[in-house]
Amino acid sequence: MLVLLRLAFSSLRSRAVTTSLTVFSIALSVLLLIGVDRIRQGVQEGFAGTLSQTDLVVGARGGSLPLLLYSVFHIGTASNEISYSSYEHFRDHPAVLWTIPFSMGDSFHGYRVVATDDNFYEHYRFRRDHSVEFAEGGRAEGIFDAVLGSEVAKQFGYHTGAKLVLSHGLEQVSLFKHADKPFTVVGVLKQTATPVDRTIYITLYGEEAMHVGWEGGTPPALGEAPPTTQIRKEDLHIDTISSFLVRTRSRITTLLLQREINTYKGEPLTAIIPAYTLEDLWNMLGYVDVALSLVSSAVLVVGLVAMLISLYTALNERKREIAILRAVGLHARQIFALFVLESVLITTIGAVVGLVAAYGLLWAFHGPAESHFGIPIAMVGLSTRVMIYLGLVVAGGTLMGCVPAIRSYRIALIEGLNAF
Amino acid sequence: MPAIHLKNVSFGYERQQALLEVPELLIEEGERVFLYGPSGSGKTTLLGLIAGILTAKTGEVEVLGKDLTHLSLSMRDRHRGSEMGYIFQSFNLIPYLSVRQNIGLPCELHAKRRKRITASSIDEEISRIASRLDIGEFLDRPVTRLSTGQQQRVAIARAVIGAPRLVIADEPTSSLDRNRQENFLRLLIELCDETRATLLFVSHDDSLMSRFDRQISVTEINTVVPC
């Protein structure tokens with residue numbers, strides 16, 4: 001058997017061009033098949049890992065998916081604000097363990113500015129039990145203090161002490177800048193591989209202070225803006241926030257609280273359970289997943305058929321070889337095995353190359369995908385689904401290999417030593 | 001002890017008329033036999049029966065002490081691989097193996113051939129035989145770079161390595177010119193003498209006949225009259 005394997009290997013190597021093209025086409029289809037699956041699972045785990053230990057996300061009345069996307073993943077914008085008094089009401093609710101308020105709407109060169117309070121540094125959790133940690137400095141406490149996510153700090157080379165001028169709105173090139181009220185970096189967070197890395201955190205007071213004099217929605221006219229030194233916390237009044245996260249005291253109260261928030265008389269609110277909303281999202285995207293998998297399977301079939309064709313057409317030139325192998329004592333069954341082995345080798349090498357390429361690409365692109373599209377992709381290991389795919393590829397290759405192998409078997413038996 | 005003994009053998013495909021009927025053919029061990037006859041006389045069929053590729057319809061085909069008609073297909077293949085060396089008219093070599101790998105192939109496949117080697121390793125034996133045949137310098141070349149004459153000598157090396165008891169050569173000189181034929185034949189006979197193998201040499205070229213102990217005409221032993 002070992003001799004056969006060596007023969008099959010030498011034979012493939014002698015037809016290096018055809019072999020590598022066939023291996024390439026199979027690797028490509030395996031890459032697609034596994035890539036689609038890995039991205040799906042990576043995105044799911046990436047999204048799921050962004051927010052942990054949060055039972056409810058609460059925002060203004062609206063769709064549950066947009067609420068989750070803007071408040072946790074910073075994709076899209078809030079349709080409406082909620083009043084701070086409603087937030088206070090639920091913050092002090094007996095069933096609630098902690099809350100984290102978020103207020104959004106400003107940006108810095110395309111990076112989101114999120115106003116929050118100490119609870120964020122205290123309670124925010126991702127990937128089960130990781131909390132945000134500081135690479136340098138500490139929490140934003142003063143009105144014009146800012147804490148940078150690791151990527152923002154790296155992008156601009158900012159350290160503690162740097163001054164930032166934030167922009168009004170989320171556009172990359174903003175028409176209105178809060179040039180009159182620069183912020184000072186007081187802390188830089190460690191990398192989290194979540195949207196936190198791409199965020200600038202300020203205090204809720206800072207958010208209010210920034211907009212003092214902006215009541216009309218545009219910057220205050222020259223000379224009208226109050227100097228920053230005159231703004232004090234005591235004078236600022238927080239009216240609205242965008243959304244908040246809730247941790248309840250027990251799982252049982254979560255559902256009760258959710259219902260209570262959804263039917264809150266004071267203001268139309270929406271409370272969602274993040275895991276359920278994500279599940280809905282994946283179910284919705286399931287069709288895309290199926291469609292992509294079907295396309296990649298079709299590519300795989302094309303790759304296998306290409307292999308079949310190349311092995312089958314080579315058979316006529318290999319009749320001599322079959323006769324020689326018969327003469328040195330190989331049985332027709334062993335010649336069959338030799339030809340099947342060639343297909344198995346091609347598909348196995350193709351599958352391995354495709355697998356390595358899929359992981360290589362995933363590794364190379366999970367960073368850019370996160371920073372450019374805000375899609376967190378976790379690096380995920382092999383799953384049973386991937387193993388099944390790989391098994392199917394090799395099984396399919398073996399099956400395809402039987403076609404030329406059966407013909408070689410017949411040549412070996414019928415033509416014997418006379419095959420020219 | 002006979003190397004080859006055919007008794008009342010007949011062969012034909014399916015229901016077609018018999019192609020070959022041999023009442024008796026006896027070749028003793030160690031004999032140098034020249035088998036000749038025009039094309040279509042049944043030479044190839046006869047060789048197929050002796051090598052165990054074809055199965056006789058009736059009769060007994062005894063080769064090197066084994067009655068092939070009672071052996072299974074795979075046992076006949078093993079018998080052929082471990083006891084016989086086979087040289088074709090041309091294109092004897094597997095194109096994707098080096099000269100060395102081509103020569104060593106029977107020893108790789110059959111323990112019997114491996115065990116009969118007198119040198120300390122297969123590699124050494126290959127080198128020894130190759131230098132006898134004057135192809136020692138080509139051992140690590142791809143076979144496609146060899147001339148026809150060199151290729152045929154590599155075929156001798158593969159046929160005699162591991163001392164098989166029977167060497168069958170099917171028109172091995174027809175692709176060579178006159179001078180090379182002489183040289184090839186001399187080397188083949190010398191190497192068969194060294195391993196005391198029986199040599200069955202098939203050709204339609206009568207001029208080589210005189211170099212053999214015994215000459216057999218296929219038309220004489222085959223009782224089927226070609227139509």
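Every value quoted in this text rests on a predicted model; they were computed, and no experiment measured them.

What counts and how
- Residues numbered from 1 in each chain as written.
- Chains lettered and ligands numbered in written order.
- Predicted model: local features only at pLDDT ≥ 70, side-chain atom pairs only at ≥ 80, totals over all residues.
- Axes fitted to C-alpha atoms, helices over the stretch in contact; angles between N-to-C directions.
- Helix = DSSP H or I, 4+ residues; strand = E, 2+ residues; numbered from the N terminus.
- Parallel < 35°, antiparallel > 145°, perpendicular 65-115°, else oblique.
- Left-handed = near helix turned anticlockwise from the far one by under 90°.
- Contact = placed C-beta atoms within 7 Å.
- Nonpolar A, V, L, I, M, F, W, Y, C, P; charged D, E, K, R; others polar.
- Domains from an automatic or database assignment.
- Core = buried A, V, L, I, M, F, W, Y, C linked by C-beta atoms within 7 Å.
- Buried ≥ 20, exposed ≤ 12 C-beta atoms within 10 Å, placed from the backbone.
- Pairing = 2+ DSSP bridges.

1. Some details on the packing of helix α3 (residues 64-73) of chain A against helix α9 (residues 274-314) of chain A
Residues and elements named next belong to chain A.
Working step 1: For the pair α3 and α9, interaxial distance at closest approach is 10 Å and the crossing angle is 110 degrees. Taken together, the axes of α3 and α9 are roughly perpendicular relative to one another. Our pair here, α3 against α9, has a crossing hand that is left-handed. Seen from α3, the contacting residues are Ser64, Leu65, Leu68 and Val72; seen from α9, they are Pro274, Thr277, Asp280 and Leu281.
Working step 2: Counted by class, the contact of α3 with α9 contains five nonpolar, two polar and one charged residues.

2. With respect to the interface of chain A and chain B
Working step 1: Taken together, the contacts link 16 residues of chain A with 24 residues of chain B.
Working step 2: Of all the secondary structure elements, the ones that give two or more residues to the side of chain A that touches chain B are α1 (2-14) and α10 (319-327) of chain A.
Working step 3: Sorting elements by how many residues they give to the side of chain A that touches chain B places α10(A) first, with five residues.
Working step 4: Classifying every residue of the side of chain A that touches chain B by side-chain character gives six nonpolar, seven polar and three charged.

3. A few points about the domain arrangement of chain A
It is common to report an interface's size as the accessible area lost on association of the parts.
Working step 1: With domains assigned, chain A is organised as domain 1 (2-47 + 285-418) and domain 2 (56-272).
Working step 2: Inter-centroid distance (C-alpha atoms) of domain 1 of chain A to domain 2 of chain A is 51 Å.

4. Here we look at the nonpolar core
Generally speaking, soluble globular proteins have nonpolar side chains that are buried together.
Working step 1: Counting 111 residues, the largest nonpolar core has Ile335(A), Ala157(B), Val160(B) and Ile168(B) as the members making the most contacts within it.
Working step 2: The element contributing the most residues to this core is helix α11 (residues 332-373) of chain A, with 12 residues.
Working step 3: Not counting residues within four places of it along the chain, the set of residues in contact with Ile168(B) comprises Leu47(B), Ile50(B), Ala51(B), Met84(B), Tyr86(B) and Leu200(B).
Working step 4: Membership of the second largest hydrophobic core comes to 58 residues, among which are Leu51(A), Ile82(A), Phe144(A) and Ile272(A).

5. Notes on the environment of Ser147(B)
Residues and elements named next belong to chain B.
Working step 1: Mapped onto the fold, serine 147 is located in the loop between α5 (122-132) and α6 (148-160).
Working step 2: Assessed through the 11 C-beta atoms surrounding it within 10 Å, serine 147 is described here as exposed.
Working step 3: It is 16 Å that separates the C-alpha atoms of serine 147 and tyrosine 96, two residues lying 51 residues apart in sequence.

6. Things to note about the pairing of strand β1 (residues 56-60) of chain A
Residue and element names in this part refer to chain A.
Working step 1: Where burial is concerned, most of β1 is hidden: four out of the five residues are buried.
Working step 2: The pairing of β1 with strand β14 (residues 243-248) spans four bridges and is classified as antiparallel. When the sheet's bridge partners are listed, glycine 59 is paired in β14 with serine 243.
Working step 3: Pairing analysis gives four bridges linking β1 to strand β15 (residues 269-272), with the strands arranged antiparallel. Across the sheet, residue valine 58 finds its bridge partner in β15, namely alanine 271.

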